[in-house]
Amino acid sequence: MNILIINAGSSSIKYSLFENKKLLINGLEERVKDYKKILKKIIKQLAAQNYTIDAIGHRVVHGGKITKSKRITKKLVKQLDKIKELAPLHDIPEINCIKFCLENFKVPQIAIFDTSFHSTIPDYAYTYAIPQKISKKLGIRRYGFHGMSHKYVSLHAANVLKKPLSKLKLITCHLGNGASITAINRGKSIDTSMGFTPLEGLVMGTRSGDLDPAIIPFLQKQKNSIINLNLNKTELFLNKKCGLKGICGMNDMRDIYNSKSKDAKLAIEVFCYRLKKYIGSYMAALNGVDAIIFTGGIGENAEWIREKTLKNMDFFGINLDKKKNKISKAAMQGPLVISKNNSKIKILVVKTNEELMMCEEVISIVSR
Ligand code: ADP
């Protein structure tokens with residue numbers, strides 16, 4: 001069975017074609033404006049290489065309260081149309097791609113949601129302390145994102161640890177341009193740092209992560225040469241001009257590491273300190289943890305970030321093996337344990353593969 005996975009971002013389309021679970025071909029189209037045109041091009045290219053398509057998996061960032069991957073029907077498309085305002089940057093292009101593929105393919109199509117892995121988060125962790133009359137009416141709660149990545153690396157960590165997921169407490173750190181951390185109890189997400197939108201939580205490339213909410217109206221009231229924020233500009237400001245970029249002017253962790261500026265140093269300190277605090281709080285939420293897992297472009301490659309974050313946590317039984325931590329990128333073929341042998345809590349690096357996880361979701365639904 002050939003499965004096409006489509007991952008439409010706010011200005012890009014990533015695609016992968018799998019034969020069962022084996023990757024055949026993948027590609028990335030950037031600076032996409034006309035999603036239909038680019039999809040047509042991709043499909044034409046695949047056909048020219050004689051690839052057939054038996055099923056399609058679509059990534060949908062925000063699934064609202066939908067708890068599982070779902071077969072796409074007209075009814076589901078209507079439901080998605082209703083919740084797209086929750087994550088307009090992603091969900092609108094994704095829904096456009098879904099509509100296009102529904103019109104052009106008569107094969108099973110599955111929607112896979114970034115949020116659904118987090119649907120197991122209990123009410124005391126997903127509820128914001130605002131009037132419930134408002135939050136319930138508007139669907140304001142923690143949803144969480146990066147679900148496919150947190151799920152994928154937790155499954156692989158269980159393999160490495162040779163224990164069933166049902167017996168493990170894990171903390172997974174997905175550190176890419178966007179970053180989130182999840183507490184996983186026996187295979188179920190019980191808390192995660194991204195919230196109602198992907199803006200909450202860790203310091204990210206260009207997103208602020210946690211802030212005192214009073215900062216926002218304070219900024220909106222300023223009208224001067226430093227800042228002039230109206231309602232529309234505020235969203236853009238918090239998503240694109242803050243985070244590492246806000247602190248030091250750069251958002252690529254490699255550039256920040258290579259820079260000698262004081263602000264770059266501070267950006268790394270703030271990033272690691274926020275992450276450390278979350279790890280501590282999730283150890284409390286889980287009442288202990290068996291393993292901490294790093295993934296995403298930064299989590300997989302930036303050993304200095306792992307070292308700085310986990311420094312001085314030996315009190316908790318977290319002991320990083322500095323030598324193992326300095327693994328080269330070439331060694332990153334499979335998951336690696338980078339804690340000392342006697343470390344009570346294991347530390348792992350697992351290369352994420354959201355597309356493969358999505359492919360597995362499609363296979364499991366189509367073959368039911
Ligand atoms: P996205 O969230 O867009 O999928 P990635 O998971 O690819 O992003 O992560 C991008 C981040 O990973 C960037 O900040 C980049 O600097 C960082 N990164 C990638 N490779 C390395 C590396 N070798 N060392 C340090 N950071 C890296």
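Residues numbered from 1 in each chain as written. Predicted model: local features only at pLDDT ≥ 70, side-chain atom pairs only at ≥ 80, totals over all residues. Heavy atoms only, no water.

1. Focus on helix α6 (residues 147-161)
Next up, step 1: Here α6 is 15 residues long and its end C-alpha atoms lie 21 Å apart, about the 21 Å a rise of 1.5 Å per residue gives.
Next up, step 2: Of all the positions in α6, only Gly147, Met148, Ser149, His150, Tyr152, Val153, Ser154, Ala157 and Ala158 are classed as buried.
Next up, step 3: Where α6 is buried, its residues contact β6 (109-113), β7 (169-175), β8 (179-185), β10 (291-295), β12 (346-349) and α15 (354-366).
Next up, step 4: The positive-phi residue at the C-terminal boundary of α6 is Lys162, with phi of around 55°. (Helix = DSSP H or I, 4+ residues; strand = E, 2+ residues; numbered from the N terminus. Expected span 1.5 Å × (residues − 1). Buried < 20%, exposed > 50% of the residue type's maximum accessible area, 1.4 Å probe, protein only. Contact = heavy atoms within 4.5 Å.)

2. Comments concerning a positive patch on the surface
Next up, step 1: On the surface, Lys68, Lys70, Arg71, Lys75 and Arg368 cluster together into a positively charged patch.
Next up, step 2: If you trace the backbone, Lys70 turns up in strand β5 (residues 70-71).
Next up, step 3: Of the residues examined, Lys70 reaches a relative accessible area of 38% and is grouped as partly exposed. (Patch = residues over 30% accessible without salt bridge, like charges linked within 9 Å, V, L, I, M, F, W, Y side chains within 5 Å. Areas by Shrake-Rupley, 256 points an atom, 1.4 Å probe, with all protein chains shown as cover. Salt bridge = Lys/Arg side-chain N within 4 Å of Asp/Glu carboxyl O. Lys, Arg positive; Asp, Glu negative; His and termini not counted. Charge placed at Lys NZ, Arg CZ, Asp CG, Glu CD.)

3. Some thoughts on the site of the ligand
Next up, step 1: The ligand sits among 13 residues. The nearest are Asn177, Asp252, Met253, Gly297 and Asn301.
Next up, step 2: Measuring from an oxygen atom of the ligand, one finds a backbone N or O atom of Asn177 at 3.0 Å.
Next up, step 3: At 2.9 Å, a backbone N or O of Met253 approaches an oxygen atom of the ligand.
Next up, step 4: Contributing elements (two or more residues each) for the shell around the ligand: α10 (253-258) and α12 (296-301).
Next up, step 5: Top contributing element to the shell around the ligand by residue count: α12, with four residues. (Near = heavy atom within 4 Å. Polar contact = N/O pair within 3.5 Å; in protein donor to acceptor, adjacent residues only side chain to side chain.)

4. Quick notes on the state of the cysteines
When the sulfur atoms of two cysteines share a covalent bond, that bond is a disulfide.
Next up, step 1: All told, the structure shown has zero disulfides when counted by the stated rule.
Next up, step 2: The thiol of Cys97 is not disulfide-bonded; the next cysteine sulfur, from Cys101, is found 6.5 Å away.
Next up, step 3: Cys359 carries a free sulfur, and the closest cysteine sulfur to it, the one in Cys101, is 16 Å from it.
Next up, step 4: Here Cys359 falls in the buried class, since its relative accessible area comes to 0%. (Disulfide = S-S within 2.5 Å.)

5. Topic: the sheet that holds strand β3 (residues 22-29)
Next up, step 1: Spatial strand order, β3-β2-β1-β4-β6-β5: six strands in an open sheet with mixed pairing. Looking at strand neighbours, the two that pair on one side only are β3 and β5, the edges of this open sheet.
Next up, step 2: Bridge count for strand β1 (residues 2-8) against strand β2 (residues 13-19) is seven bridges, and the pairing is antiparallel. The partner of Leu4 across the bridge, within β2, is Leu17. (Pairing = 2+ DSSP bridges.)

6. Re the sheet that holds β12
Next up, step 1: Spatially, β9-β8-β7-β10-β12-β11 is the arrangement adopted by the six strands of the open sheet, whose pairing is mixed. The strands lining the two open edges of the sheet, one partner per strand, are β9 (188-192) and β11 (336-337).
Next up, step 2: Of the strands in this sheet, β7, β8, β9 and β10 touch helix α11 (residues 262-286), which is tilted by about 160° from β7.
Next up, step 3: Here helix α13 (residues 303-310) sits on the sheet in contact with β7, β10 and β12, set at roughly 150° to β10. (Axes fitted to C-alpha atoms, helices over the stretch in contact; angles between N-to-C directions.)

7. Some remarks on the pairing of β7
Next up, step 1: Burial analysis of β7 places six of its seven residues in the buried class, which makes it a mostly covered element.
Next up, step 2: In terms of strand pairing, β7 meets β8 through seven bridges, oriented antiparallel. Bridging across to β8, Ile171 finds its partner in Ala183.
Next up, step 3: Taking the residues between adjacent antiparallel strands as the criterion, β7 and β8 are bridged by three residues.
Next up, step 4: Pairing of β7 with β10, which is carried by five bridges, proceeds in the parallel orientation. In the sheet register, Leu170 faces β10, and the bridge partner there is Ala291.

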